[in-house]
Amino acid sequence: MRAIVLEKFGGIDSLVYTEIPKPEPLEGHVVIEIKAFGVNHAEMHMRRGEWAEAAKVSGIECVGIVKSCPGGEFPVGAKVAALMGGLGRTINGSYAQFTRAPVSNVALIESDLSWAQLAAIPETYATAWTCLFRNLEIEQGQTVVIRGATSSFGQAAVNLAVNAGAKVIATTRSRERFAKLEALGASRVELEAPDLSKRIAQAKEIDAVLDLVGNSTILDSLAMLRRGGRACLAGWLGGLAPIADFNPLLQMSSGVHLTFFGSFVFGTPGFPLSDVPLQAIAADVAAGRFDATPSRVFSFDEIHEAHRVMEANAANGKMVVVH
Ligand SMILES: NC(=O)c1ccc[n+]([C@@H]2O[C@H](COP(=O)([O-])OP(=O)(O)OC[C@H]3O[C@@H](n4cnc5c(N)ncnc54)[C@H](OP(=O)(O)O)[C@@H]3O)[C@@H](O)[C@H]2O)c1
């Protein structure tokens, strides 16, 4: 089969097209004929050697058709999504014609949406849904700040939070992108900067913050919460550097909650993928309750261009590759 392998850590040219053997059926696993896959920052970090693990074939998620499933957990021919479970990290991932995912990280996603549209959902929506409804436990009527909201993850979170009846304050560094976030249903847009807690009108009244800018802003996010409010750290758009000299005694507000989510736990005990209503999310998209259309659709031959756009921060939403 054709696959894109990571020849060495480095720039975009480290991703090389080649032929490798098709994955064989294996107990506890699902061989999937990949129809489309989302492109993720994780794959850029793995390509550069910035993360602990990187498999030969990158790609942490895909949608496609079950080719084999010896344990019978999924019927051959079914439409499925697969994400994490070591894909692209410790086992060969989705930058290929076929992949073999652990059953714990596969979900049925029966839908009439196109493959490109379906590919925009698994990793981004599963993660956004878990952050919002598990870590942050947001409820209708609450005020939620989403920092880094123009990212594909951020846009998914805005869609889900608005659809759940929350009041969303979204952030971007660029005024030209305010209208896009308002069109998604954000009730207000703020310019993203590390001092947002000092400018935001509802300081100390915010119920929840989903912080995708990351380590450089999370303490500021905690500073805008009401007592009992929660901030979830789940993205690193502002860089991977740790929080310098973090001293809760001097830097943390009293009575607030800091929580973290990394999607690599999907499929491990306590974090079953079945917890995430992927099927219902696909149905919401199909019914037009929100728009999850990918911002860019590439062919399998265009992985270098997809990574270039990601590095240039020009994605403007979820990018997917279709076979
Ligand atoms: N926790 C998890 O399990 C998980 C899962 C998936 C992704 N992630 C992380 O979530 C983040 C978003 O991923 P994505 O694929 O959705 O990203 P993306 O779509 O490529 O995000 C691009 C956006 O990032 C914003 N941005 C870039 N540099 C920034 C900076 N220095 N400060 C603030 N904003 C900046 C830009 O927004 P503006 O120009 O409009 O400000 C740009 O529109 C990444 O850090 C990714 O690693 C985490």
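The chain is annotated in an unreviewed UniProt entry as Zinc-containing alcohol dehydrogenase superfamily protein from Caballeronia arvi.

(A) Up close: the domain arrangement of the chain. Its domain assignment divides the chain into domain 1 (2–120 + 268–322) and domain 2 (124–261). At the interface, 14 residues of domain 1 touch 11 residues of domain 2. Among the elements that take part in the side of domain 1 that touches domain 2, helix H9 (residues 278–286) stands out by supplying three residues, more than any other. For the side of domain 1 that touches domain 2, a count of residues per class yields eight nonpolar, two polar and four charged.

(B) Focus on the site of the ligand. Looking at the ligand, there are 28 residues lining it, with Ser151, Thr172, Arg173, Gly235 and Ser263 nearest. Of all the secondary structure elements, the ones that give two or more residues to the shell around the ligand are helix H1 (41–48), helix H3 (122–135) and helix H4 (152–163). Within the shell around the ligand, the residues separate by chemical class into 10 nonpolar, 14 polar and four charged. Shared between two domains, the shell around the ligand holds at least three residues of each, these being domain 1 (2–120 + 268–322) and domain 2 (124–261).

(C) Molecular detail of H9. When H9 is considered as a whole, its buried residues turn out to be Leu278, Ile281, Ala282 and Val285. Along the axis of H9, the buried positions cluster into a sector of 100°, meaning they face one direction only. Tucked into the core, H9 has its buried residues touching strand S5 (79–83), strand S7 (106–108), helix H2 (115–119) and H3. Phi for Gly288, located one or two positions after H9, is positive at around 80°.

Criteria and thresholds
- Residues numbered from 1 in each chain as written.
- Predicted model: local features only at pLDDT ≥ 70, side-chain atom pairs only at ≥ 80, totals over all residues.
- Domains from an automatic or database assignment.
- Contact = placed C-beta atoms within 7 Å.
- Helix = DSSP H or I, 4+ residues; strand = E, 2+ residues; numbered from the N terminus.
- Nonpolar A, V, L, I, M, F, W, Y, C, P; charged D, E, K, R; others polar.
- Near = placed C-beta within 6 Å.
- Buried ≥ 20, exposed ≤ 12 C-beta atoms within 10 Å, placed from the backbone.
- Arc of directions from axis to C-beta.

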